[in-house]
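One-letter residues, chain by chain:
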Amino acid sequence: RLSLSQTAYIDSIVRRFGLEDAKPVSTPMDPHANLSSAQSPSTPAEIGAMRDVPYREAVGSLMYASLGTRPDITYAVSILSRFSDNPGRAHWEAVRRVFRYLRSTKQLKLTYGATALDLIGYSDTDGSMHEDRKAISGYTFLIGGGAVLWSSKRQELISLSTKESEYVALTLATKEAL
């Protein structure tokens, strides 16, 4: 089980954003969602409707959870943080989904205690399917079965192929391992 403070933090942010009765979901992001800046408000009415939505505060709360104890939401948070300057309704619904996921999985935790204390690393990339064509690289390292280091970042270059994006992600993970 998570410590009381971690569980209490998830409960507090879910309550802060009014999602304590929201329907649970099994993934932090909808795999079919294609968020883009085209979904940002462009008319005065749309901008007015999003003015009082606490998007930055919500993404910041999720980022804190991601960095501290919930690496499973890191990718979603990195995507959602791109729209902090001008979030639209679709972006806000994606943020709400992450909160619903956290609420339904708050019992999850990082667990240590495997018999072998080997360092195991994983690396992957998303294949550069975003509007800026920059892939997201991610890696995680485990010791004793528990994550000790993780990252999810947008690559600095535009890859010409998915394979090239994979090589870049693997290079970043290898540098971290060394």
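In short, a report on the structure. Remember, it's a predicted structure, so these values are computed and weren't measured experimentally.

Here's the deal with the environment of Lys 153
Now for step 1: Looking at the secondary structure, you find Lys 153 in strand β3 (residues 146-154).
Now for step 2: For Lys 153, a relative accessible area of 56% gives the class exposed.
Now for step 3: Residues Lys 153 and Gly 60 lie 93 residues apart in sequence; the distance between their C-alpha atoms is 16 Å.
Now for step 4: Apart from the residues within four sequence positions on either side, Lys 153 is in contact with Ala 135, Ile 136 and Ser 137.

Some thoughts on the packing of helix α3 (residues 55-68) against helix α5 (residues 89-104)
Now for step 1: The contact between α3 and α5 brings their axes to 11 Å, and the two run at 35°. In terms of crossing hand, the pair formed by α3 and α5 is left-handed. Contacts between α3 and α5 involve Tyr 55, Ala 58, Val 59 and Leu 62 on the former and, on the latter, His 91, Trp 92, Val 95, Val 98, Phe 99 and Leu 102.
Now for step 2: Within the contact of α3 with α5, the residues separate by chemical class into nine nonpolar, one polar and no charged.

Things to note about the sheet that holds strand β1 (residues 119-125)
Now for step 1: In spatial order, the strands read β1-β2-β3; together these three strands make up an open sheet with antiparallel pairing. Every other strand in the sheet has two partners, leaving β1 and β3 as the edge strands with one partner each. Within this sheet the neighbouring strands show an average axis-to-axis angle of 10°, counted without direction.
Now for step 2: Sheet topology note: the strand β2 (residues 136-143)/β3 ladder contains eight bridges and is antiparallel. When the bridges of β3 are listed, Ile 143 appears paired with Gly 146.
Now for step 3: Each of β1, β2 and β3 is contacted by helix α6 (residues 162-177), which is oriented at about 150° to β1, the strand it contacts most.

Description of the nonpolar core
Now for step 1: Formed by 30 residues in total, the largest nonpolar core has its most connected members in Tyr 55, Leu 62, Ile 73, Leu 80, Trp 92, Val 95 and Phe 99.
Now for step 2: Among the elements of the structure, α1 (4-16), α3, α4 (74-81) and α5 are those that each provide at least two residues to this core.
Now for step 3: Here this core gets seven residues from one element, more than from any other, and that element is α5.
Now for step 4: What Ile 73 contacts, discounting residues up to four positions off in sequence, is Pro 28, Leu 62, Ala 65, Ser 66, Val 98, Tyr 101 and Leu 102.

Points about the pattern of salt bridges
Now for step 1: Evaluated as defined, the whole model comprises four salt bridges.
Now for step 2: Asp 11 serves as the salt-bridge partner of Lys 106, at 2.5 Å between the closest nitrogen and oxygen. One end of the pair, Lys 106, is in the loop between α5 and β1; the other, Asp 11, is in helix α1, with 95 residues separating them in the sequence.
Now for step 3: Take Asp 11: its relative accessible area is 26%, and that puts it in the partly exposed class.
Now for step 4: Note that Glu 93 is salt-bridged to Arg 96, the shortest N-O span being 3.6 Å. With Glu 93 and Arg 96 both in helix α5 and three residues apart, the pair spans about one turn of that helix.

Looking at α6
Now for step 1: For α6, spanning 16 residues, the distance from its first C-alpha to its last is 23 Å, which sits close to the expected 22 Å at 1.5 Å a residue.
Now for step 2: All buried positions along α6 are accounted for by Ser 165, Val 168, Ala 169 and Ala 173. The arc that holds every buried residue of α6, seen down its axis, measures 130°, which confines them to one face. Exposed and facing more than 90 degrees away from the buried side of α6 are Lys 163, Tyr 167 and Lys 175.
Now for step 3: At its buried positions, α6 is contacted by β1 and β2.

Criteria and cut-off values
- Residues numbered from 1 in each chain as written.
- Predicted model: local features only at pLDDT ≥ 70, side-chain atom pairs only at ≥ 80, totals over all residues.
- Heavy atoms only, no water.
- Helix = DSSP H or I, 4+ residues; strand = E, 2+ residues; numbered from the N terminus.
- Buried < 20%, exposed > 50% of the residue type's maximum accessible area, 1.4 Å probe, protein only.
- Contact = heavy atoms within 4.5 Å.
- Axes fitted to C-alpha atoms, helices over the stretch in contact; angles between N-to-C directions.
- Left-handed = near helix turned anticlockwise from the far one by under 90°.
- Nonpolar A, V, L, I, M, F, W, Y, C, P; charged D, E, K, R; others polar.
- Pairing = 2+ DSSP bridges.
- Core = buried A, V, L, I, M, F, W, Y, C linked by side-chain atoms within 4.5 Å.
- Salt bridge = Lys/Arg side-chain N within 4 Å of Asp/Glu carboxyl O.
- Expected span 1.5 Å × (residues − 1).
- Arc of directions from axis to C-beta.

Don't take any of this as a statement about function, it's just geometry.
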